[in-house]
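Breakdown of the fold
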Number of protein chains: 2
Amino acid sequence: MEINIQKRVLEKNETEADKNRAFFKDQKVFVLNMMSSPGSGKTETLCKTLARLMPDVRVGVIVGDVCTTNDADRLEITGAKVTQINTDQFGGDCHLAAHLIDASARELGCDDLDLLIVENIGNLVCPAEFDIGEDARAVVLSVTEGEDKPLKYPLMFQVADAAILNKIDLLPYLDFDAPLAVENMKTVHPGMPVFEISAKTEEGFEPWLEWLKTRVREKLG
Amino acid sequence: MEINIQKRVLEKNETEADKNRAFFKDQKVFVLNMMSSPGSGKTETLCKTLARLMPDVRVGVIVGDVCTTNDADRLEITGAKVTQINTDQFGGDCHLAAHLIDASARELGCDDLDLLIVENIGNLVCPAEFDIGEDARAVVLSVTEGEDKPLKYPLMFQVADAAILNKIDLLPYLDFDAPLAVENMKTVHPGMPVFEISAKTEEGFEPWLEWLKTRVREKLG
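We now examine the pattern of salt bridges. A side chain of one charge can pair with a side chain of the opposite charge when the charged atoms of the two come close. All names here are of chain A. Using the criterion set out here, one finds 41 salt bridges over all chains in the structure. Ionic pairing is found between Arg52 and Glu206, a salt bridge with its closest N-O pair at 2.8 Å. Here Glu206 lies in helix H8 (residues 205-220) and Arg52 lies in helix H2 (residues 42-53), a separation of 154 residues in the sequence. Classification of Arg52 as partly exposed rests on a relative accessible area of 33%.

The two copies are related by a screw motion: chain B maps onto chain A through a turn of 180 degrees and a shift of 0.0 Å along the axis, at an RMSD of 0.0 Å. Such a combination of turn and shift is consistent with a two-fold rotation axis. Comparing interface residues between copies, 100% of those in chain B also sit at the interface in chain A, which points to an isologous, same-surface contact.

The next thing to look at is the pairing of strand E5 (residues 136-142) of chain A. Residue and element names in this part refer to chain A. Of all seven residues in E5, seven are buried, a share of seventy percent or more. Side chains Ala136, Ala138, Val140 and Ser142 of E5 all project onto a buried face; the interleaved residues Arg137, Val139 and Leu141 project onto the opposite face, where all are buried too. Relative to E5, strand E1 (residues 30-36) runs parallel, the two being bridged by five bridges. Across the sheet, the residue bridging to Asn33 is Arg137, located in E5. Note that E5 and strand E6 (residues 162-166) share five bridges and pair parallel. Across the sheet, residue Leu141 finds its bridge partner in E6, namely Leu165.

For chain A, mean pLDDT is 95; residues scoring 70 or higher make up 99% of the total. If you check the scores for this complex, the pTM reads 0.95 and the ipTM reads 0.93.

Right, let's get into the pairing of strand E4 (residues 115-119) of chain B. The two faces of a sheet get side chains in turn, since along a regular strand they alternate between them. All names here are of chain B. With respect to burial, E4 is a largely interior element, five of its five residues being buried. Going residue by residue along E4, you find Leu115, Ile117 and Glu119 tucked away on one face and Leu116 and Val118 tucked away on the opposite face as well. When strand E2 (residues 59-65) meets E4, the two strands line up parallel, connected through five bridges. By the bridge assignment for E4, Val63 is matched with Glu119.

Here the focus is the environment of Gly109 of chain A. If you trace the backbone, Gly109 of chain A turns up in the loop between helix H4 (98-108) and strand E4 (115-119). The spatial distance from the C-alpha of Gly109 of chain A to the C-alpha of Gln27 of chain A is 9.2 Å, given a sequence separation of 82 residues.

This next bit is on the side chain of Lys167 of chain B. Residues and elements named next belong to chain B. Turning to its location among the elements, Lys167 is positioned in the loop between strand E6 (162-166) and helix H7 (178-188). The side chain of Lys167 is buried and forms no salt bridge, while Glu145, the nearest opposite charge, is found at 6.6 Å. A polar side-chain atom of Lys167 sits 2.8 Å from the main-chain carbonyl oxygen of Gly39.

The subject of this paragraph is the sheet that holds strand E3 (residues 81-86) of chain A. Residue and element names in this part refer to chain A. Reading across from one edge, E3-E2-E4-E1-E5-E6-E7 is the order of the seven strands in this open sheet, with parallel pairing throughout. Two strands close off the open sheet at either side, each with one partner strand: E3 and strand E7 (194-196). Direction aside, the axes of adjacent strands within the sheet are offset by 20 degrees on average. Where E1 and E4 come together, five bridges link them in parallel fashion. Residue pairing across strands places Leu32 opposite Ile117, the latter belonging to E4. With respect to the sheet, H2 is in contact with E1, strand E2 (59-65), E4, E5 and E6, its orientation differing from that of E4 by roughly 170 degrees.

Looking now at the state of the cysteines. Under the definition given, this model contains zero disulfides over all chains. A disulfide-free cysteine, Cys94 of chain B has its sulfur positioned 3.4 Å from the sulfur of Cys126 of chain A, the nearest such atom. The thiol of Cys110 of chain B is not disulfide-bonded; the next cysteine sulfur, from Cys47 of chain B, is found 20 Å away. Assessed through its relative accessible area of 1%, Cys110 of chain B is described here as buried.

Below, the discussion takes up the sheet that holds E6 of chain B. Residue and element names in this part refer to chain B. Overall, parallel pairing links the seven strands, which are arranged E3-E2-E4-E1-E5-E6-E7 in an open sheet. Both edges of this open sheet fall to strand E3 (81-86) and strand E7 (194-196), since each of them pairs with a single strand only. Each strand of the sheet is rotated relative to its neighbour by a mean of 20 degrees, with strand direction disregarded. As paired elements, E6 and E7 share three bridges and run parallel to each other. Bridge pairing links Leu165 to Glu196 in E7. Contacting strand E5 (136-142), E6 and E7, H7 runs over the sheet at an angle of about 160 degrees to E7.

On to unusual backbone geometry. Look at the link from Met54 of chain A to Pro55 of chain A: it is a cis peptide, with omega at 0 degrees. Within the element layout of this structure, Pro55 of chain A appears in the loop between H2 and E2. The phi dihedral of Lys167 of chain B is positive, around 70 degrees, even though this residue is not glycine. Using a relative accessible area of 15% as the deciding quantity, one classes Lys167 of chain B as buried.

Turning to the interface of chain B and chain A, a few remarks are in order. With 46 residues of chain B at the contact, the number on the chain A side is 46 residues. Summing both partners gives a buried area of about 3700 Å² for chain B against chain A, and 57% of it is carried by carbon and sulfur. Taken together, chain B and chain A are joined by six salt bridges. A salt bridge links Lys152 of chain A to Asp65 of chain B, with the shortest nitrogen-to-oxygen separation between them at 3.5 Å. Sorting the residues of the side of chain B that touches chain A by element identifies helix H1 (2-26), helix H3 (70-76) and helix H5 (149-152) of chain B as the ones contributing at least two each. If you tally residues by element for the side of chain B that touches chain A, the top one is H1 of chain B, at seven residues.

Calculation notes
- Numbers given for residues are sequential positions, taken from 1 along each chain in its written order.
- Written order determines the labels here, with chains lettered from A and ligands numbered from 1.
- At least 70 in pLDDT is required for a residue's local features to be given in this predicted model, at least 80 for side-chain atom pairs to be given and counted, and no such filter applies to totals for whole chains, interfaces and linings, which use all residues.
- Values shown for side chains rest on all heavy atoms present in the structure; no hydrogens or waters enter the calculation.
- Salt bridge criterion: a side-chain nitrogen from Lys or Arg within 4 Å of a carboxyl oxygen from Asp or Glu.
- Secondary structure elements follow DSSP: runs of H or I of four or more residues count as helices, runs of E of two or more count as strands, with numbering from the N terminus.
- For each residue, the accessible area found with a 1.4 Å probe, counting protein chains only, is set against the maximum for its type, and the residue is called buried under 20%, exposed over 50%, and partly exposed in between.
- The copies were overlaid by least squares, fitting only the C-alpha atoms of residues that reach a pLDDT of 70 or more in each copy.
- Contacts were defined at the residue level, with two residues in contact if any of their heavy atoms lie within 4.5 Å.
- Should DSSP find at least two bridges between two strands, the strands are regarded as paired.
- The predictor rates its confidence in each residue with pLDDT, a number between 0 and 100.
- When charges are counted, Lys and Arg contribute as positive and Asp and Glu as negative, whereas His and the chain ends are disregarded.
- We call two N or O atoms a polar contact when they sit within 3.5 Å, provided that within protein one can donate a hydrogen and the other can accept it, with sequence-adjacent residues counted only if both atoms are side-chain atoms.
- Here an angle of 0 to 180 degrees is reported between the N-to-C directions of two axes, which are lines fitted to C-alpha atoms, with helices fitted over the stretch in contact.
- Any cysteine sulfur atom paired with another within 2.5 Å is treated as part of a disulfide.
- Buried area, as used here, totals the accessible surface that two parts lose on assembly, with accessibility defined by a 1.4 Å probe and the loss added over both.

See below:
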(Lines give C-alpha, C1' and ligand atoms only; values in the text may rest on other atoms or scores of the structure.)
Protein backbone atom coordinates (compact mmCIF):
# COMPACT_ATOMS: atom_id res chain seq x y z
CA MET A 1 0.00 0.00 0.00
CA GLU A 2 2.70 2.48 1.04
CA ILE A 3 4.61 2.03 -2.21
CA ASN A 4 1.54 2.81 -4.36
CA ILE A 5 0.80 5.92 -2.30
CA GLN A 6 4.42 6.97 -2.63
CA LYS A 7 4.20 6.59 -6.43
CA ARG A 8 1.13 8.84 -6.61
CA VAL A 9 2.75 11.51 -4.43
CA LEU A 10 5.92 11.44 -6.55
CA GLU A 11 3.93 11.65 -9.83
CA LYS A 12 2.05 14.69 -8.58
CA ASN A 13 5.35 16.23 -7.46
CA GLU A 14 6.87 15.65 -10.91
CA THR A 15 4.07 17.67 -12.56
CA GLU A 16 4.71 20.55 -10.13
CA ALA A 17 8.47 20.28 -10.74
CA ASP A 18 7.92 20.64 -14.50
CA LYS A 19 5.98 23.86 -13.85
CA ASN A 20 8.86 25.15 -11.70
CA ARG A 21 11.36 24.32 -14.47
CA ALA A 22 9.35 26.41 -16.94
CA PHE A 23 9.12 29.29 -14.43
CA PHE A 24 12.86 29.25 -13.68
CA LYS A 25 13.64 29.15 -17.43
CA ASP A 26 11.35 32.12 -17.99
CA GLN A 27 12.95 34.02 -15.08
CA LYS A 28 16.47 33.20 -16.38
CA VAL A 29 17.68 31.91 -13.03
CA PHE A 30 19.85 28.84 -12.31
CA VAL A 31 18.55 26.70 -9.44
CA LEU A 32 20.79 24.57 -7.21
CA ASN A 33 19.30 22.08 -4.73
CA MET A 34 21.68 21.49 -1.77
CA MET A 35 21.03 18.36 0.28
CA SER A 36 22.68 16.50 3.18
CA SER A 37 22.23 14.98 6.64
CA PRO A 38 21.49 17.34 9.53
CA GLY A 39 24.69 19.03 10.70
CA SER A 40 26.92 18.33 7.70
CA GLY A 41 27.55 22.06 7.25
CA LYS A 42 25.23 23.12 4.41
CA THR A 43 24.51 26.54 5.91
CA GLU A 44 28.16 27.34 6.70
CA THR A 45 29.18 26.19 3.20
CA LEU A 46 26.49 28.45 1.72
CA CYS A 47 27.46 31.45 3.87
CA LYS A 48 31.05 31.25 2.62
CA THR A 49 29.95 30.47 -0.95
CA LEU A 50 27.62 33.50 -1.09
CA ALA A 51 30.27 35.82 0.37
CA ARG A 52 32.62 34.85 -2.45
CA LEU A 53 30.09 34.81 -5.32
CA MET A 54 28.27 38.08 -4.63
CA PRO A 55 27.82 40.68 -5.99
CA ASP A 56 29.18 39.31 -9.33
CA VAL A 57 26.59 36.57 -9.13
CA ARG A 58 23.22 37.69 -7.73
CA VAL A 59 22.12 34.95 -5.33
CA GLY A 60 18.89 34.19 -3.48
CA VAL A 61 18.25 31.35 -1.05
CA ILE A 62 15.20 29.32 -0.06
CA VAL A 63 15.93 27.56 3.24
CA GLY A 64 13.93 24.53 4.32
CA ASP A 65 13.63 23.32 7.91
CA VAL A 66 11.02 21.50 9.95
CA CYS A 67 11.26 24.26 12.59
CA THR A 68 13.18 27.50 13.38
CA THR A 69 14.54 30.26 11.14
CA ASN A 70 18.14 29.80 12.42
CA ASP A 71 19.63 29.06 9.01
CA ALA A 72 17.80 31.89 7.24
CA ASP A 73 19.01 34.30 9.93
CA ARG A 74 22.62 33.18 9.37
CA LEU A 75 22.30 33.46 5.59
CA GLU A 76 20.68 36.89 5.65
CA ILE A 77 23.88 38.34 7.12
CA THR A 78 25.56 37.73 3.74
CA GLY A 79 23.19 40.26 2.14
CA ALA A 80 21.49 37.66 -0.07
CA LYS A 81 17.72 37.59 -0.44
CA VAL A 82 16.55 34.75 1.79
CA THR A 83 13.20 33.13 2.52
CA GLN A 84 12.42 30.30 4.94
CA ILE A 85 10.04 27.36 4.55
CA ASN A 86 9.05 25.60 7.78
CA THR A 87 7.42 22.25 7.02
CA ASP A 88 6.11 21.97 10.59
CA GLN A 89 2.81 23.42 9.33
CA PHE A 90 2.65 20.72 6.60
CA GLY A 91 2.83 17.77 9.00
CA GLY A 92 6.57 18.07 9.71
CA ASP A 93 7.52 17.08 6.17
CA CYS A 94 10.98 15.59 5.76
CA HIS A 95 11.66 17.10 2.33
CA LEU A 96 10.80 20.17 0.24
CA ALA A 97 8.13 19.30 -2.33
CA ALA A 98 7.97 21.13 -5.67
CA HIS A 99 4.78 23.06 -4.85
CA LEU A 100 6.42 24.61 -1.75
CA ILE A 101 9.35 25.79 -3.87
CA ASP A 102 6.94 27.34 -6.37
CA ALA A 103 5.24 29.44 -3.68
CA SER A 104 8.53 30.50 -2.05
CA ALA A 105 10.30 31.34 -5.31
CA ARG A 106 7.44 33.63 -6.34
CA GLU A 107 7.39 35.26 -2.90
CA LEU A 108 11.17 35.80 -3.00
CA GLY A 109 11.10 37.08 -6.59
CA CYS A 110 13.61 35.68 -9.10
CA ASP A 111 13.82 38.38 -11.81
CA ASP A 112 16.84 40.05 -10.12
CA LEU A 113 18.68 36.74 -9.47
CA ASP A 114 21.24 34.70 -11.43
CA LEU A 115 21.33 31.85 -8.95
CA LEU A 116 18.66 30.53 -6.60
CA ILE A 117 19.95 28.05 -4.02
CA VAL A 118 17.54 25.77 -2.18
CA GLU A 119 18.95 24.54 1.13
CA ASN A 120 16.88 21.42 1.59
CA ILE A 121 15.83 19.83 4.89
CA GLY A 122 18.60 17.88 6.62
CA ASN A 123 17.85 14.33 5.50
CA LEU A 124 19.92 11.95 3.38
CA VAL A 125 16.92 9.88 2.23
CA CYS A 126 13.65 11.60 1.28
CA PRO A 127 14.76 14.84 -0.46
CA ALA A 128 16.59 12.72 -3.08
CA GLU A 129 13.20 11.46 -4.32
CA PHE A 130 11.60 14.89 -4.82
CA ASP A 131 12.43 16.76 -8.02
CA ILE A 132 11.88 20.50 -7.41
CA GLY A 133 12.58 21.63 -10.98
CA GLU A 134 16.21 22.45 -10.20
CA ASP A 135 19.09 22.69 -12.70
CA ALA A 136 21.61 20.90 -10.51
CA ARG A 137 21.85 19.06 -7.20
CA ALA A 138 24.76 19.05 -4.76
CA VAL A 139 25.09 16.72 -1.77
CA VAL A 140 27.23 17.62 1.25
CA LEU A 141 28.83 14.87 3.35
CA SER A 142 30.81 15.68 6.47
CA VAL A 143 33.98 13.73 7.28
CA THR A 144 32.49 13.02 10.73
CA GLU A 145 29.69 10.92 9.19
CA GLY A 146 31.75 7.92 8.06
CA GLU A 147 33.07 6.69 4.72
CA ASP A 148 30.22 4.24 4.09
CA LYS A 149 27.35 6.74 3.78
CA PRO A 150 27.37 6.87 -0.06
CA LEU A 151 26.89 3.07 -0.08
CA LYS A 152 24.16 3.17 2.58
CA TYR A 153 22.24 6.07 1.01
CA PRO A 154 23.07 5.58 -2.69
CA LEU A 155 20.08 7.39 -4.22
CA MET A 156 21.19 10.76 -2.81
CA PHE A 157 24.62 10.39 -4.39
CA GLN A 158 23.19 9.02 -7.65
CA VAL A 159 20.90 12.02 -8.19
CA ALA A 160 23.60 14.57 -7.25
CA ASP A 161 25.58 16.40 -9.95
CA ALA A 162 28.37 17.22 -7.49
CA ALA A 163 29.38 16.20 -3.99
CA ILE A 164 31.08 18.24 -1.29
CA LEU A 165 33.15 16.47 1.36
CA ASN A 166 33.09 19.03 4.18
CA LYS A 167 34.93 19.62 7.47
CA ILE A 168 38.30 18.36 6.19
CA ASP A 169 39.92 20.56 8.89
CA LEU A 170 38.83 17.81 11.35
CA LEU A 171 40.64 14.98 9.51
CA PRO A 172 43.67 14.95 11.85
CA TYR A 173 41.36 14.09 14.78
CA LEU A 174 39.30 11.36 13.11
CA ASP A 175 39.72 7.77 11.92
CA PHE A 176 38.26 8.77 8.56
CA ASP A 177 39.58 7.49 5.24
CA ALA A 178 38.85 10.41 2.87
CA PRO A 179 40.08 8.63 -0.31
CA LEU A 180 37.76 5.69 0.53
CA ALA A 181 34.80 8.07 1.03
CA VAL A 182 35.49 9.63 -2.39
CA GLU A 183 35.88 6.15 -3.92
CA ASN A 184 32.49 5.13 -2.43
CA MET A 185 30.87 8.24 -3.91
CA LYS A 186 32.33 7.42 -7.33
CA THR A 187 31.22 3.79 -7.01
CA VAL A 188 27.57 4.83 -6.76
CA HIS A 189 27.98 7.74 -9.22
CA PRO A 190 30.93 7.31 -11.60
CA GLY A 191 32.34 10.59 -12.89
CA MET A 192 30.65 12.85 -10.32
CA PRO A 193 32.94 15.71 -9.26
CA VAL A 194 33.78 15.66 -5.53
CA PHE A 195 35.03 18.82 -3.81
CA GLU A 196 36.96 18.33 -0.56
CA ILE A 197 36.52 21.50 1.48
CA SER A 198 36.43 23.05 4.92
CA ALA A 199 33.60 25.57 5.22
CA LYS A 200 35.29 26.77 8.41
CA THR A 201 38.75 27.54 6.92
CA GLU A 202 37.58 27.87 3.27
CA GLU A 203 40.25 25.38 2.20
CA GLY A 204 39.42 23.85 -1.20
CA PHE A 205 36.72 26.42 -2.11
CA GLU A 206 38.06 27.53 -5.50
CA PRO A 207 37.26 24.37 -7.54
CA TRP A 208 33.75 24.24 -6.00
CA LEU A 209 33.05 27.91 -6.82
CA GLU A 210 34.46 27.43 -10.32
CA TRP A 211 32.17 24.44 -10.93
CA LEU A 212 29.13 26.37 -9.73
CA LYS A 213 29.92 29.54 -11.70
CA THR A 214 30.50 27.48 -14.86
CA ARG A 215 27.15 25.74 -14.47
CA VAL A 216 25.35 29.06 -13.95
CA ARG A 217 27.11 30.59 -16.96
CA GLU A 218 26.20 27.60 -19.16
CA LYS A 219 22.49 28.17 -18.48
CA LEU A 220 22.39 31.95 -18.51
CA GLY A 221 24.87 32.42 -21.35
CA MET B 1 -3.52 15.60 0.01
CA GLU B 2 -0.12 14.49 1.33
CA ILE B 3 -1.16 15.12 4.93
CA ASN B 4 -4.30 12.95 4.62
CA ILE B 5 -2.28 10.13 3.09
CA GLN B 6 0.29 10.48 5.85
CA LYS B 7 -2.46 10.17 8.46
CA ARG B 8 -3.78 6.95 6.93
CA VAL B 9 -0.27 5.44 6.76
CA LEU B 10 0.36 6.38 10.41
CA GLU B 11 -2.99 4.97 11.57
CA LYS B 12 -2.26 1.65 9.87
CA ASN B 13 1.22 1.67 11.43
CA GLU B 14 -0.28 2.26 14.89
CA THR B 15 -2.40 -0.89 14.59
CA GLU B 16 0.68 -2.91 13.64
CA ALA B 17 2.64 -1.34 16.52
CA ASP B 18 -0.05 -2.44 19.00
CA LYS B 19 0.33 -6.00 17.71
CA ASN B 20 4.11 -5.77 18.21
CA ARG B 21 3.63 -4.49 21.77
CA ALA B 22 1.50 -7.53 22.59
CA PHE B 23 4.06 -9.87 21.01
CA PHE B 24 6.99 -8.30 22.91
CA LYS B 25 5.02 -8.50 26.18
CA ASP B 26 4.28 -12.16 25.54
CA GLN B 27 7.94 -12.83 24.71
CA LYS B 28 9.10 -10.96 27.86
CA VAL B 29 11.57 -8.80 25.96
CA PHE B 30 12.32 -5.08 26.41
CA VAL B 31 12.53 -3.18 23.11
CA LEU B 32 14.65 -0.06 22.59
CA ASN B 33 14.35 2.02 19.40
CA MET B 34 17.63 3.90 18.68
CA MET B 35 17.34 6.82 16.28
CA SER B 36 19.63 9.57 14.91
CA SER B 37 21.00 11.31 11.82
CA PRO B 38 23.31 9.32 9.56
CA GLY B 39 26.80 9.15 11.03
CA SER B 40 26.04 10.18 14.62
CA GLY B 41 27.58 6.94 15.91
CA LYS B 42 24.60 4.68 16.65
CA THR B 43 26.42 1.52 15.58
CA GLU B 44 29.63 2.28 17.50
CA THR B 45 27.57 3.19 20.60
CA LEU B 46 25.70 -0.11 20.27
CA CYS B 47 28.87 -2.18 19.76
CA LYS B 48 30.33 -0.80 23.00
CA THR B 49 26.99 -1.05 24.82
CA LEU B 50 26.51 -4.71 23.84
CA ALA B 51 30.08 -5.62 24.85
CA ARG B 52 29.41 -4.25 28.34
CA LEU B 53 25.85 -5.60 28.79
CA MET B 54 26.35 -9.17 27.58
CA PRO B 55 26.19 -11.93 28.69
CA ASP B 56 24.35 -10.68 31.84
CA VAL B 57 21.74 -9.11 29.60
CA ARG B 58 20.87 -11.20 26.55
CA VAL B 59 20.68 -8.77 23.62
CA GLY B 60 19.48 -9.01 20.03
CA VAL B 61 19.58 -6.29 17.37
CA ILE B 62 17.46 -5.44 14.34
CA VAL B 63 19.43 -3.07 12.10
CA GLY B 64 17.68 -0.90 9.54
CA ASP B 65 19.38 0.60 6.51
CA VAL B 66 18.32 1.59 3.02
CA CYS B 67 21.24 -0.45 1.63
CA THR B 68 24.23 -2.56 2.78
CA THR B 69 24.71 -4.89 5.74
CA ASN B 70 27.73 -2.94 7.08
CA ASP B 71 26.18 -2.19 10.48
CA ALA B 72 24.90 -5.73 11.03
CA ASP B 73 28.36 -7.07 10.17
CA ARG B 74 29.94 -4.77 12.79
CA LEU B 75 27.36 -5.70 15.43
CA GLU B 76 27.64 -9.45 14.84
CA ILE B 77 31.25 -9.35 16.05
CA THR B 78 29.91 -8.65 19.56
CA GLY B 79 28.27 -12.09 19.59
CA ALA B 80 24.73 -10.68 19.71
CA LYS B 81 21.98 -12.11 17.51
CA VAL B 82 21.61 -9.62 14.66
CA THR B 83 19.27 -9.30 11.71
CA GLN B 84 19.28 -6.66 8.98
CA ILE B 85 16.35 -4.93 7.27
CA ASN B 86 17.15 -3.23 3.96
CA THR B 87 14.32 -0.89 2.95
CA ASP B 88 15.69 -0.63 -0.59
CA GLN B 89 13.24 -3.39 -1.60
CA PHE B 90 10.34 -1.37 -0.08
CA GLY B 91 10.91 1.73 -2.20
CA GLY B 92 13.94 2.99 -0.22
CA ASP B 93 11.86 3.74 2.89
CA CYS B 94 13.31 6.36 5.22
CA HIS B 95 12.08 4.72 8.45
CA LEU B 96 11.31 1.28 9.88
CA ALA B 97 7.56 0.69 9.91
CA ALA B 98 5.97 -1.54 12.56
CA HIS B 99 5.14 -4.40 10.17
CA LEU B 100 8.82 -4.72 9.16
CA ILE B 101 9.80 -5.00 12.83
CA ASP B 102 7.18 -7.71 13.33
CA ALA B 103 8.62 -9.86 10.54
CA SER B 104 12.24 -9.33 11.66
CA ALA B 105 11.58 -9.93 15.36
CA ARG B 106 9.91 -13.26 14.58
CA GLU B 107 12.74 -14.24 12.25
CA LEU B 108 15.36 -13.33 14.87
CA GLY B 109 13.44 -15.06 17.69
CA CYS B 110 12.92 -13.22 20.97
CA ASP B 111 12.33 -16.03 23.51
CA ASP B 112 16.02 -16.14 24.50
CA LEU B 113 16.40 -12.32 24.71
CA ASP B 114 16.02 -9.78 27.54
CA LEU B 115 16.62 -6.77 25.33
CA LEU B 116 15.91 -6.21 21.64
CA ILE B 117 17.49 -3.07 20.20
CA VAL B 118 16.26 -1.63 16.91
CA GLU B 119 18.89 0.50 15.20
CA ASN B 120 16.65 2.65 13.03
CA ILE B 121 17.52 4.20 9.66
CA GLY B 122 19.74 7.29 9.93
CA ASN B 123 17.17 10.08 9.71
CA LEU B 124 16.23 12.73 12.29
CA VAL B 125 12.73 13.30 10.87
CA CYS B 126 10.60 10.36 9.69
CA PRO B 127 11.43 7.55 12.19
CA ALA B 128 10.10 9.79 15.01
CA GLU B 129 6.60 9.47 13.52
CA PHE B 130 6.53 5.66 13.37
CA ASP B 131 5.69 3.77 16.56
CA ILE B 132 7.14 0.26 16.30
CA GLY B 133 5.69 -1.04 19.58
CA GLU B 134 8.90 -0.31 21.50
CA ASP B 135 9.23 0.20 25.29
CA ALA B 136 11.65 3.12 25.02
CA ARG B 137 13.25 5.38 22.46
CA ALA B 138 16.76 6.85 22.53
CA VAL B 139 18.05 9.55 20.19
CA VAL B 140 21.76 9.99 19.48
CA LEU B 141 23.15 13.43 18.55
CA SER B 142 26.80 13.90 17.65
CA VAL B 143 28.68 17.00 18.83
CA THR B 144 29.67 17.59 15.20
CA GLU B 145 26.03 18.22 14.20
CA GLY B 146 25.52 21.58 15.93
CA GLU B 147 23.71 22.71 19.09
CA ASP B 148 20.51 23.77 17.33
CA LYS B 149 19.39 20.35 16.05
CA PRO B 150 16.93 19.67 18.94
CA LEU B 151 15.17 22.96 18.07
CA LYS B 152 15.16 22.22 14.34
CA TYR B 153 13.98 18.62 14.67
CA PRO B 154 11.91 18.82 17.89
CA LEU B 155 9.64 15.81 17.34
CA MET B 156 12.56 13.37 17.51
CA PHE B 157 13.64 14.78 20.89
CA GLN B 158 10.04 14.98 22.17
CA VAL B 159 9.33 11.29 21.50
CA ALA B 160 12.68 10.14 22.95
CA ASP B 161 12.92 8.80 26.52
CA ALA B 162 16.65 9.47 26.65
CA ALA B 163 19.23 11.32 24.56
CA ILE B 164 22.87 10.51 23.97
CA LEU B 165 25.28 13.30 23.10
CA ASN B 166 28.06 11.36 21.35
CA LYS B 167 31.66 12.01 20.20
CA ILE B 168 32.54 14.24 23.17
CA ASP B 169 36.20 13.25 22.54
CA LEU B 170 36.04 15.71 19.59
CA LEU B 171 34.95 18.71 21.72
CA PRO B 172 38.47 20.23 21.95
CA TYR B 173 38.54 20.57 18.14
CA LEU B 174 35.07 22.05 17.62
CA ASP B 175 33.20 25.31 18.23
CA PHE B 176 30.44 23.35 19.93
CA ASP B 177 28.65 24.52 23.07
CA ALA B 178 27.73 21.22 24.79
CA PRO B 179 25.78 22.84 27.68
CA LEU B 180 23.70 24.76 25.11
CA ALA B 181 22.98 21.55 23.17
CA VAL B 182 21.79 19.87 26.38
CA GLU B 183 19.72 22.96 27.26
CA ASN B 184 18.09 22.85 23.80
CA MET B 185 17.23 19.16 24.29
CA LYS B 186 15.66 19.95 27.66
CA THR B 187 13.76 22.89 26.16
CA VAL B 188 11.93 20.61 23.74
CA HIS B 189 11.69 17.75 26.26
CA PRO B 190 11.91 18.88 29.90
CA GLY B 191 13.23 16.23 32.27
CA MET B 192 14.63 13.91 29.59
CA PRO B 193 17.93 12.32 30.72
CA VAL B 194 20.89 13.23 28.49
CA PHE B 195 24.04 11.08 28.51
CA GLU B 196 27.24 12.75 27.28
CA ILE B 197 29.48 9.99 25.96
CA SER B 198 32.25 9.06 23.58
CA ALA B 199 31.54 5.73 21.88
CA LYS B 200 35.18 5.76 20.81
CA THR B 201 36.78 6.13 24.27
CA GLU B 202 33.76 4.83 26.29
CA GLU B 203 33.87 7.97 28.45
CA GLY B 204 30.53 8.54 30.20
CA PHE B 205 29.12 5.04 29.50
CA GLU B 206 28.19 4.00 33.05
CA PRO B 207 25.15 6.30 33.56
CA TRP B 208 23.80 5.31 30.12
CA LEU B 209 24.20 1.57 30.82
CA GLU B 210 22.65 2.00 34.27
CA TRP B 211 19.62 3.80 32.78
CA LEU B 212 19.13 1.07 30.18
CA LYS B 213 19.58 -1.82 32.65
CA THR B 214 17.11 -0.21 35.06
CA ARG B 215 14.50 0.18 32.32
CA VAL B 216 14.93 -3.46 31.25
CA ARG B 217 14.70 -4.66 34.87
CA GLU B 218 11.53 -2.59 35.44
CA LYS B 219 9.76 -4.39 32.61
CA LEU B 220 11.10 -7.90 33.11
CA GLY B 221 11.04 -7.83 36.94
